[in-house]
Structure formats: structure tokens, C-alpha cells
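# Geometric and topological summary
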Amino acid sequence: MHSPVVVLGGGPGGYAAAFLAADEGLDVTIIEAEPRLGGTCLLRGCIPSKALLHVAKVIQEVGELKEKWGVEYAGEPTIDVDKVRAQKDQVINNLTGGLGNLAKRRKVNVIQARGSFVNSTTLSLEGDHESIPEGGQITFDHCILATGSVPAMPPAFKVSDRVMDSTGALALQDIPETMLVVGGGYIGLEMGSVYAQLGSKVTVVELAKDLLPGADRDLVKPLAKRIDKLCEGRVLTNTKVGSMAEVDGKVEVTFEGPGHFGHERFDRVLVSIGRRPVTRDIGLENTSVVVNQRGFVEVDSQQRTADPHILAIGDIAGDPMLAHKATHEGRVAAEVIAGKTSSFDKKAIPAVVFTDPEIAWAGLTETEAKRDGINVSVESYPWAASGRAQALGITEGLTKWLVDPESGRVLGCGIVGSGAGELIAEAVLAIEMGCEVHDVTDSVHPHPTLSETLMNAGEVHFGTATEIY
Ligand code: FAD
């Protein structure tokens with residue numbers, strides 16, 4: 001069988017690339033190993049985690065209603081874990097069904113098989129699904145490689161079924177009494193927050209000296225405080241996990257300092273120490289594709305690999321491993337194959353940590369500016385000065401712009417606070433369009449909203465911000 005364009009992997013990178021290539025008038029086939037399109041993001045990542053985080057946030061808000069406003073529902077919440085799981089699965093089903101329809105409508109051929117390269121223009125297809133063509137091979141003019149990533153799990157940690165990766169944690173088999181989260185990155189903190197709000201006693205252990213290593217400290221500070229409260233002080237930074245063993249139906253974990261020493265038993269352990277790009281065992285050695293030392297495929301700004309027939313997008317094409325970056329790269333790859341001059345400048349990819357409070361940033365960060373010696377003005381506006389934040393009781397937030405002192409151009413933005421993930425979209429547009437800070441302050445923002453904090457932080461640059469606290 002021949003298909004002019006083949007997309008290997010049906011995640012947010014792969015299906016977006018396939019649909020856009022079809023919109024460009026190209027004949028497209030997606031090869032996906034799983035029975036449903038959607039990839040990590042839809043089946044075991046972004047979407048199920050946000051469905052569970054929604055429940056966690058409501059529980060948190062109800063608790064605050066009692067603490068701050070004296071409004072109390074009778075007793076503690078009871079949680080029907082089967083119903084929570086079923087609702088989360090329903091969300092996934094709704095969305096995957098929609099993707100199937102989108103593929104049909106565009107006449108995108110979907111083959112359920114595990115693909116691996118025989119050479120630069122041929123994939124062999126493994127599996128027993130009826131969609132696999134006779135001969136078990138497909139040839140192509142262009143292949144978009146979008147095989148994504150999987151959780152990193154050191155073999156030494158895989159001592160028991162009680163040790164889970166993010167996929168296991170999202171399956172929500174039960175609400176363990178005690179749980180250890182290994183890794184204080186965004187996935188560990190999001191899932192740790194869910195289990196803590198559902199009633200588990202959660203401990204977080206992080207090798208670095210702070211949670212969310214790499215993110216700006218002023219943004220992380222309010223979240224670290226909240227996580228510490230949620231975990232009742234059991235946040236062990238600067239601490240290494242030495243070993244794990246199953247003992248009496250629990251997982252015994254040894255901590256090897258320097259932040260904390262000793263051993264402790266947990267009902268479940270979530271290992272969330274990073275993700276590994278899927279570049280092994282897919283026959284890349286039979287092509288001219290170059291894989292770097294970290295396992296990522298080397299691509300140029302048009303998503304082309306060193307092999308003229310193969311482009312690569314999404315998690316396998318390098319950091320940041322985020323769904324919207326995968327989708328955008330998918331668009332570029334589809335347009336490049338269609339003969340357009342698209343390319344991707346990664347300067348304003350937003351990143352969001354969907355904890356409570358949320359953290360979001362886009363463009364240049366303060367940490368990067370310091371590291372690279374870039375001179376910036378940092379204009380911060382505390383949410384304590386925002387009427388809306390006061391009314392909502394979420395005054396620990398902060399909005400800041402990073403501004404080029406000479407041109408006044410906005411180079412980056414960081415926000416911590418409720419809804420930061422929604423608010424950052426304005427900053428992405430401003431950075432992408434090359435706005436100057438006065439473009440933001442001259443735009444009338446609705447009152448009273450948290451979006452005003454973007455305008456107010458801009459006003460700090462001109463010394464005109466009104467501080468009402
Ligand atoms: P994937 O989504 O990983 O899809 C790759 C697909 O390729 C898979 O379906 C796989 O089955 C298939 N495949 C692999 N090998 C083969 C083969 N040989 N043959 C056929 N098919 C193959 N990102 C965000 O932007 N926002 C979030 O809030 C967010 N939350 C997350 C929460 C969790 C718990 C996790 C784990 C991830 C989260 N991510 C989030 C990251 C996001 O899921 C990924 O960045 C995104 O899914 C990457 O898309 P992709 O298309 O590159 O690959």
C-alpha cells in the first residue's frame with residue numbers, strides 16, 4: 001500500500017498534522033498502535049488529569065468557603081471513587097469519539113498497528129487489526145514522525161504494582177491512605193494535589209532544592225506554600241530516593257538526604273521523574289534520522305529531520321514536551337509538506353502548571369534572563385492589589401512582565417494564581433505580536449477581573465499602577 005503522507009503516532013501532534021495535511025488536499029494515513037486516537041494527552045495526560053484536578057479544586061474551594069466565609073456543608077465530603085473514575089473516563093470517551101469523526105470527515109485513513117521503519121520510505125506494520133493492508137507494509141513520500149513519549153521509570157523502582165507512573169495514578173484504582181510522589185515537577189504536583197484533596201496523606205520528594213526546578217522562584221513560592229499545607233509539611237526537597245522494596249503489602253522507601261534521611265512505608269508510590277521520547281525500537285537506524293544524546297530527534301525550524309522523507313514533531317522533537325507545542329509543530333510539518341514556507345519560532349510557547357494556585361509563563365523567564373545575562377525590567381503586580389482577587393480570596397497571586405528596557409517590548413510574562421493558565425493567553429499574543437508594554441496598558445481591560453493584573457503590571461513599568469491595598 002502507498003500513501004503520499006503517513007503520520008506515525010496519533011497524539012495531539014500526529015492527529016493535528018494529519019488533519020491539516022488533509023485540509024491541504026493531501027492523501028493521509030495515520031498509523032496508531034492503540035485502538036483510539038488521542039495519544040498521551042487525551043488518553044493518559046492533559047485531559048484526564050484536568051478532569052481530576054477539577055474535582056480537587058472544588059473540594060479545596062468548599063474547604064475555603066468554610067474557613068473564610070463561614071459557609072459550611074454538613075460534615076466532610078464522601079468520595080465515590082468509582083463515579084469519579086467513570087466521569088473522567090466519560091470525558092476521554094467524548095473527545096476520542098470526536099477525533100474519530102474528524103478523521104472520517106477528512107477521509108484520513110487510520111491504521112491500527114505498531115509501525116517501524118524498514119527504510120526511509122517504508123514502514124512495516126505489526127498487529128492483527130483488519131485495517132492493516134495486505135503485506136503488512138506501507139510506503140510513503142513523506143512521513144511525519146509523532147511517536148511521543150512515555151514515563152521514565154528506573155527498573156530499580158519497579159518493585160511492586162503499588163509503584164505507579166502517571167498513567168497508573170490517572171487510573172485512580174483507589175485512594176490510598178498514604179502516597180509518596182517522587183519528583184516535584186508539574187505532573188507530580190498535579191497528581192499529588194488530586195490524591196491529597198481526595199483524602200490521601202501525600203509526601204512529595206524532590207532531588208533539587210526546590211519544587212518545579214527551572215521555574216521562576218517568585219512564581220513557585222505561593223504554590224510551594226500551598227503544597228506544603230496540603231501535604232501537612234511532608235515536602236522533602238534536596239532529597240534522593242535510594243531504594244524501594246515491597247514489605248508487608250506496602251512500599252518501603254529509603255531517603256538518602258541531604259534534605260532528609262531514613263525510611264518510610266507508603267501504600268502507593270507515584271514516580272514522576274520525567275518522560276522519555278519514543279525513538280527506540282521504531283527502526284530509525286534504517287533511516288538517516290539523527291537522534292541526539294537525550295533521545296530526541298534533531299529537527300530544523302521546519303520540523304525536517306536529516307532524512308529528506310521524514311519530519312518529526314511533538315515530544316520526540318525536543319522540549320518543551322507539551323501538547324500545544326506538538327499541535328503547532330504538526331501544523332508546520334503539514335504545511336511544509338504541502339509546499340508552504342512555514343516555520344516555527346519557539347519563543348512564546350506557554351507553560352502551565354494546573355495546580356492550585358496555577359502557574360503559567362510564556363516567552364523569556366527571569367531565570368533564563370539571569371542565566372543568559374539578558375538585561376530586562378521586571379514589572380510585578382501583586383494580586384493583593386486586585387479588587388477581583390480580594391473578592392475571590394486569592395490574594396497570594398502575582399503577575400509580572402519582563403520588558404526590554406530600551407525598546408519597551410514585552411519579552412516574557414509569568415503569572416501565579418487561580419486561572420493563570422487562561423490569563424497567559426493574552427501575554428502569548430502580546431509577545432508573539434512584538435507588542436510594547438504600552439500596547440498592553442493602552443488596552444482597556446474589563447473590571448473587576450484578574451486580567452486587569454496584566455494591565456496593572458504593565459503600568460508598574462510607567463509608575464502609574466494604582467495600588468489599592
Ligand atoms: P503523544 O501524545 O505521546 O502520542 C504519541 C502516539 O504515538 C501515542 O498514541 C502512541 O500510542 C503512538 N505510537 C508510539 N509509537 C508508535 C509506533 N511505533 N507505531 C504506532 N503508534 C505509535 N501537556 C500540555 O500541554 N498540557 C497539560 O496539561 C499536560 N498534562 C499532562 C499530564 C500528564 C499526566 C502527562 C503524562 C502529560 C501531560 N502533558 C500535558 C504532555 C502531553 O501529553 C504531551 O506533550 C503530548 O501528548 C505530546 O504529544 P505527541 O503527539 O508528541 O505524542
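Residues numbered from 1 in each chain as written. Predicted model: local features only at pLDDT ≥ 70, side-chain atom pairs only at ≥ 80, totals over all residues.

What follows deals with the overall build of the protein chain. Across its full length, the protein chain carries 13 helices and 22 strands. On C-alpha atoms alone, the protein chain measures out to a radius of gyration of 24 Å, which is about the 23 Å that the 2.2 N^0.38 rule sets for 469 residues. For the protein chain, the spread of C-alpha atoms along the principal axes amounts to about 70 × 65 × 45 Å. Contacts in the protein chain between residues far apart in sequence, at least 24 positions, make up 64% of those at least 6 positions apart. (Helix = DSSP H or I, 4+ residues; strand = E, 2+ residues; numbered from the N terminus. Rg over C-alpha atoms; globule rule 2.2 N^0.38 Å. Contact = placed C-beta atoms within 7 Å.)

Turning to the sheet that holds strand β8 (residues 163-164), a few remarks are in order. The five strands lie next to each other as β8-β15-β9-β10-β11, forming an open sheet whose pairing is parallel. Single-partner strands in this sheet number two, and they are β8 and β11 (235-236). As paired elements, strand β10 (residues 201-205) and β11 share two bridges and run parallel to each other. Looking at β11, one finds that Val204 is bridged to Val235. (Pairing = 2+ DSSP bridges.)

What follows deals with unusual backbone geometry. With glycine set apart, most residues show a phi of negative sign, and most peptide bonds adopt trans. Gly257 connects to Pro258 through a cis peptide bond whose omega is 5°. Within the secondary structure layout, Pro258 lies in strand β13 (residues 250-258). The peptide bond linking Asp319 to Pro320 adopts the cis configuration, its omega dihedral lying at -10°. Within the element layout of this structure, Pro320 appears in the loop between β17 (310-312) and α8 (323-337). One non-glycine residue, Leu172, adopts positive backbone phi at about 50°. For Leu172, the location among the structural elements is in the loop between α5 (166-171) and β9 (178-182). Despite not being glycine, Gln303 has its phi angle at roughly 65°, a positive value. Tracing the chain through its elements places Gln303 in the loop between β16 (275-277) and β17.

Moving on: the UniProt feature "domain: Pyridine nucleotide-disulphide oxidoreductase dimerisation" (unreviewed entry) in the protein chain. Summarizing the sequence annotation, UniProt attributes the feature "domain: Pyridine nucleotide-disulphide oxidoreductase dimerisation" (unreviewed entry) to residues 349-456 in the numbering used throughout. From the first C-alpha to the last, residues 349-456 spans 23 Å; its make-up is 33% helix and 27% strand. (UniProt positions renumbered as here; feature names shortened; annotations may be inferred.)

The antiparallel open sheet is built from five strands, whose spatial order is β18-β19-β22-β21-β20. Of all strands in the sheet, those bounded by a partner on one side alone are β18 (351-353) and β20 (377-382). Taking each pair of neighbouring strands and ignoring which way they run, the sheet shows an average axis angle of 10°. In the sheet, strand β19 (residues 358-363) pairs with strand β22 (residues 410-417) via six bridges, with the strands oriented antiparallel. Bridging from a neighbouring strand, Ala360 pairs with Ile415 of β22. Taken strand by strand, helix α13 (residues 452-462) contacts β20 and β21 (398-403), and its axis lies near 135° from that of β20. (Axes fitted to C-alpha atoms, helices over the stretch in contact; angles between N-to-C directions.)

The subject of this paragraph is the packing of helix α1 (residues 12-23) against α8. Closest axis-to-axis distance for the α1/α8 pair is 7 Å, and the angle between their directions is 30°. Between α1 and α8, the angle falls in the class roughly parallel. Here α1 and α8 pass one another in a crossing that is right-handed. Contact with α1, carried on its side by Pro12, Gly13, Gly14, Ala16, Ala17, Leu20 and Ala21, involves Ala323, Ala326, Thr327, Glu329, Gly330, Arg331, Ala333, Ala334 and Ile337 of α8 and no other residues of that element. Each residue belonging to the contact of α1 with α8 can be placed in one class, and the counts come to 10 nonpolar, four polar and two charged. (Parallel < 35°, antiparallel > 145°, perpendicular 65-115°, else oblique. Left-handed = near helix turned anticlockwise from the far one by under 90°. Nonpolar A, V, L, I, M, F, W, Y, C, P; charged D, E, K, R; others polar.)

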